[in-house]
Amino acid sequence: MRSTLTGRGLMQVVVLHLQVAQHAGPRTAGLTLLPWSAGLAVSSWVAGTYLVPRFGGRLLFAGLALLAAGVAGLAATFAAGWSPLVPLAVGGLGIGLFTVPFLTVALHGVQPEETGSAAGLLNAVQQLGATLGVASLGSVFFSAGAPTACWVAVALLAAATVTGVGMTRDQVSASGSVRRTAAS
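Conventions adopted
- Residues numbered from 1 in each chain as written.
- Predicted model: local features only at pLDDT ≥ 70, side-chain atom pairs only at ≥ 80, totals over all residues.
- Heavy atoms only, no water.
- Helix = DSSP H or I, 4+ residues; strand = E, 2+ residues; numbered from the N terminus.
- Buried < 20%, exposed > 50% of the residue type's maximum accessible area, 1.4 Å probe, protein only.
- Contact = heavy atoms within 4.5 Å.
- Areas by Shrake-Rupley, 256 points an atom, 1.4 Å probe, with all protein chains shown as cover.
- Phe/Tyr/Trp six-rings, centres within 6.5 Å; stacked < 30°, edge-to-face > 60°.
- Axes fitted to C-alpha atoms, helices over the stretch in contact; angles between N-to-C directions.
- Parallel < 35°, antiparallel > 145°, perpendicular 65-115°, else oblique.
- Left-handed = near helix turned anticlockwise from the far one by under 90°.
- Patch = residues over 30% accessible without salt bridge, like charges linked within 9 Å, V, L, I, M, F, W, Y side chains within 5 Å.
- Salt bridge = Lys/Arg side-chain N within 4 Å of Asp/Glu carboxyl O.

K.L.:
Would you explain the overall build of the chain in this entry?
P.N.:
Scanning the chain from terminus to terminus reveals 7 helices and 2 strands. Listed by position from the N terminus, the elements making up the chain come as α-α-α-α-α-α-α-β-β. Here the chain, with 184 residues, has 38% of them falling under the buried criterion. When contacts within the chain are restricted to residue pairs at least 6 apart in sequence, those whose partners lie at least 24 apart make up 74%. Working note: accessible area of the chain is about 9000 Å², and carbon and sulfur atoms make up 67% of it.

Pasting the structure below:
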């Protein structure tokens, strides 16, 4: 939920910052998000096709690290008044590398007859996270500015990383079997 909270809330912060602080029009603000979407599309395809079968759920940590780097880059670019295109591309790559292994790990232990219910619950939690993200990061944006909202997002991603450690104790191998890691 923390990663969804961060991603959805952050998109609102980016668009609001571009429109309110930099006086960009809605079309420009929307088109500025293209590197995020392109990075997400490419990295999620690569993750699902090549990386998750090879590295399993641990890949989500690489995604969280890239996402945090992209968000930290956004904080710096917003503070300096630079273009956010590169940090958005890095963040998009990170969210794509995170999403596929996260969903794989989250739904791995679910029995086939419970898949629909589990996916529905996961979707509901993601929607709740998105709602909380828009509300919380939007509030931080309007009270303290875009750079501060980005640093709050980085802190939330750090908390998501801690949560991910617990989720990936049982790793899903390429064959679909579960193997215990050394931390277990």
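K.L.:
It is not clear to me how the packing of aromatic side chains should be interpreted in this structure. Could you clarify?
P.N.:
Aromatic ring pairs are defined here through the distance separating the ring centres and the angle between the ring planes. Scanning the entire structure with this criterion turns up 3 aromatic pairs. On the numbers, 5.2 Å between centres and 20° between planes, the contact of Phe98 with Phe102 is stacked. One end of the pair, Phe98, and the other, Phe102, are both in helix 5 (residues 85-107), 4 residues apart, so they sit about a helical turn from each other. For the pair formed by Phe98 and Phe102, the shared burial category is buried. Aromatic pair Phe141 and Phe142: ring centres 5.0 Å apart, planes at 75°, arrangement edge-to-face.

K.L.:
Would you mind going over unusual backbone geometry with me for this structure?
P.N.:
Negative phi is the rule for most residues except glycine; trans is the rule for most peptide bonds. Look at His23: it is not a glycine, yet its phi comes out positive at around 55°. Its location among the elements puts His23 in the loop between helix 1 (2-21) and helix 2 (26-32).

K.L.:
How should I be thinking about the packing of helix 5 against helix 6 (residues 115-144) in this particular structure?
P.N.:
For any two helices packed against each other, one specifies the inter-axial angle together with the distance between the axes. Two elements in contact, helix 5 and helix 6, have axes whose closest approach is 11 Å; the angle formed by their N-to-C orientations is 130°. Here helix 5 lies oblique to helix 6, going by the angle between them. In this structure, helix 5 crosses over helix 6, and the sense of that crossing is right-handed. From helix 5, Phe102, Leu103, Ala106 and Leu107 reach across to helix 6, where they touch Ala118, Ala119, Leu122 and Gln126.

K.L.:
In this structure, what is going on with a nonpolar patch on the surface? I would like to understand it.
P.N.:
Taken together, Val42, Leu66 and Leu93 make up a surface patch of nonpolar side chains, about 220 Å² in accessible area. Mapped onto the secondary structure, Leu93 falls in helix 5.

K.L.:
Would you mind showing me how to read the environment of Pro147 here?
P.N.:
Topologically, Pro147 is positioned in helix 7 (residues 146-167). Every residue in contact with Pro147, bar those within four places of it in the chain, is listed here: Ala75, Phe78 and Ala79.

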